[in-house]
Amino acid sequence: MKITVIGAGAIGGNLAARLSTAGHDVQVADARGPEAVRAEVLESGARAADLSDAAVQGRDVIVLSIPFGVAGQLADLFVSVPDETVVIDTSNYYPGMLSEPIEAVDNGQVESVYTAELLGRPVVKAWNAALAETQRTKGVPAGTPGRLAIPVAGDSEEARKVAMSLVDDTGFDPYDAGTLADSWRQQPNSPAYCTELTLDELPAALAAADRVKDAAIRDSLPERFAALPANPTVDDVVEMNRAAHR
């Protein structure tokens with residue numbers, strides 16, 4: 001597929017590299033310019049591109065790996081993007097930490113529903129519920145015992161299937177998590193969020209989500225993170241997230 005990843009940070013860069021390795025035609029665009037794309041992201045064949053019409057026209061999939069709440073800045077860029085282009089949102093809302101508080105989301109609007117409104121078009125939610133380091137180091141071929149799963153939510157069944165296929169290509173079992181309105185179950189810090197679950201374990205974790213409790217756990221992240229060892233590993237962070245729901 002022809003894929004553009006917008007955002008060259010930890011998650012965007014990893015996705016660009018993995019999708020390129022899987023054989024897709026991948027462009028990486030960043031608001032800071034092509035020079036912001038790290039060399040290792042491009043080693044597998046992905047190409048750095050300007051964040052302009054050239055980066056999004058004629059593409060089958062556009063992955064947004066940008067800070068939560070800034071999608072509106074790209075709305076003009078998407079006006080002429082065909083309806084059939086699948087747009088995937090990987091962002092997460094951390095008020096007061098990674099973004100300013102957003103009243104609509106604080107009052108209950110689902111994160112990616114808000115992003116879709118800002119962008120002016122439907123999105124699929126995927127890759128948000130796994131740590132960047134998990135995505136970088138723990139992807140394995142399909143059929144590998146213990147393969148980790150990633151939930152995918154969206155209103156279009158066809159778009160969900162496309163996103164699920166790409167999740168599989170990045171080394172994880174995709175799980176159909178339903179409509180975009182249901183994607184709150186994979187938002188920070190639900191039982192399914194960054195807890196490294198298998199396909200057998202993920203459905204129960206999504207079902208156990210509690211919007212009030214999970215938001216409180218999310219907001220306690222600075223205190224919980226401060227209690228970790230110096231230079232915590234990805235396993236330390238995963239265990240911290242799991243322990244919050246015991």
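On a predicted model such as this, the values are computed, not experimentally measured, just so you know.

Trainee: Explain unusual backbone geometry to me, please; I cannot follow it from the model alone.
Mentor: Excluding glycine, a negative phi dihedral is what most residues carry, and trans is how most peptide bonds are arranged. The amide bond that connects Pro-188 to the next residue, Asn-189, takes the cis arrangement and shows omega of -20°. Note that Asn-189 resides in the loop between strand E8 (173–176) and helix H9 (202–207). Backbone geometry places Trp-127, a non-glycine residue, at a positive phi of 65°. In this structure, Glu-196 takes a positive phi of about 50° despite not being glycine. Relative accessible area serves as the criterion here: at 15%, Glu-196 is assigned to the buried category.

Trainee: Would you explain helix H6 (residues 111–119) in this entry?
Mentor: Residues lying three or four places apart along an α-helix face the same way, a consequence of the helix completing one turn every 3.6 residues. Listed as buried for H6 are Glu-111, Ser-112, Tyr-114, Thr-115, Ala-116 and Leu-119. In this structure, the buried residues of H6 make contact with strand E4 (61–64), helix H4 (75–78), strand E5 (86–89), helix H5 (103–106) and strand E6 (124–125). Positive backbone phi, at 85°, marks Gly-120, one or two positions downstream of H6.

Trainee: Could you clarify how one ought to interpret the packing of aromatic side chains in this entry?
Mentor: The relative placement of two aromatic rings is captured by the distance of their centres and the angle of their planes. Scanning all chains against the criterion turns up 3 aromatic pairs. Each ring, one from Phe-68 and one from Tyr-93, has its centre 5.2 Å from the other, and the planes form 45°; the classification is tilted. Residue Phe-68 is located in the loop between E4 and H4, and its partner Tyr-93 is located in the loop between E5 and H5; the two are separated by 25 residues in the primary sequence. Consider the rings of Tyr-94 and Tyr-193, whose centres lie 6.5 Å apart with planes at 55°: the pair is tilted.

Trainee: I keep staring at the UniProt feature "domain: Pyrroline-5-carboxylate reductase catalytic N-terminal" (unreviewed entry) in the chain and nothing clicks. Help me out?
Mentor: The UniProt record annotates "domain: Pyrroline-5-carboxylate reductase catalytic N-terminal" (unreviewed entry) at residues 2–93. The span residues 2–93 is 26% helix and 23% strand, and its two end C-alpha atoms sit 28 Å from each other.

Trainee: Can you help me understand the side chain of Thr-90 in this one?
Mentor: Of note, Thr-90 is situated in the loop between E5 and H5. Setting aside anything within four residues of it in sequence, one finds Thr-90 in contact with Ile-11, Leu-15, Val-63, Leu-64, Ser-65, Ala-126, Trp-127 and Asn-128.

Trainee: Honestly, the sheet that holds strand E3 (residues 47–49) in this entry has me stumped. Any pointers?
Mentor: Adjacent strands of a sheet form backbone hydrogen bonds with each other and so pair up, either parallel or antiparallel. The sheet built from 6 strands is open, its strands ordered E3-E2-E1-E4-E5-E6 with parallel pairing. The sheet is open, and its two borders are formed by E3 and E6, each paired with just one other strand. Alignment of strand E1 (residues 2–6) against E4, held across 4 bridges, turns out to be parallel. Each residue of the ladder has a partner; that of Ile-3, found in E4, is Val-61. Here helix H1 (residues 10–21) sits on the sheet in contact with E1, strand E2 (25–29) and E4, set at roughly 165° to E2. Lying on the sheet, H6 is in contact with E4, E5 and E6; it crosses E5 at an angle near 130°.

Trainee: Explain H1 to me, please; I cannot follow it from the model alone.
Mentor: For H1, which comprises 12 residues, the first-to-last C-alpha distance of 17 Å matches the rise-based estimate of 16 Å (1.5 Å per residue) to within 8%. Buried residues dominate H1, accounting for 9 of its 12 residues. Residues of H1 that are buried include every one of Ile-11, Gly-12, Gly-13, Asn-14, Leu-15, Ala-16, Ala-17, Leu-19 and Ser-20, and no others. Along its buried surface, H1 packs onto E1, E2, helix H2 (39–42), E4, helix H7 (132–137) and helix H8 (157–169). In the stretch just after H1, Gly-23 is the one whose phi turns positive, near 105°.

Trainee: Help me out: how do you make sense of the nonpolar core in this one?
Mentor: General note: in soluble globular proteins, nonpolar side chains tend to be found buried as a group. Ile-88 and Trp-127 are the most contacted members of the largest nonpolar core, which totals 30 residues. Listed by contribution, the elements that provide at least two residues to this core are E1, H1, E2, E4, E5, strand E7 (149–152) and H8. When residues in this core are grouped by element, the largest group, 6 residues, is from H8. Here Ile-88 is in contact with Val-61, Ile-62, Val-63, Leu-64, Val-124, Ala-126, Trp-127, Ala-163 and Leu-166, once residues within four sequence places are set aside. The next biggest cluster of nonpolar side chains, apart from the first, holds 15 residues, and it includes Val-56, Ile-62, Ile-66 and Leu-74.

Rules and cut-offs
- Residues numbered from 1 in each chain as written.
- Predicted model: local features only at pLDDT ≥ 70, side-chain atom pairs only at ≥ 80, totals over all residues.
- Heavy atoms only, no water.
- Helix = DSSP H or I, 4+ residues; strand = E, 2+ residues; numbered from the N terminus.
- Buried < 20%, exposed > 50% of the residue type's maximum accessible area, 1.4 Å probe, protein only.
- Contact = heavy atoms within 4.5 Å.
- Phe/Tyr/Trp six-rings, centres within 6.5 Å; stacked < 30°, edge-to-face > 60°.
- UniProt positions renumbered as here; feature names shortened; annotations may be inferred.
- Pairing = 2+ DSSP bridges.
- Axes fitted to C-alpha atoms, helices over the stretch in contact; angles between N-to-C directions.
- Expected span 1.5 Å × (residues − 1).
- Core = buried A, V, L, I, M, F, W, Y, C linked by side-chain atoms within 4.5 Å.

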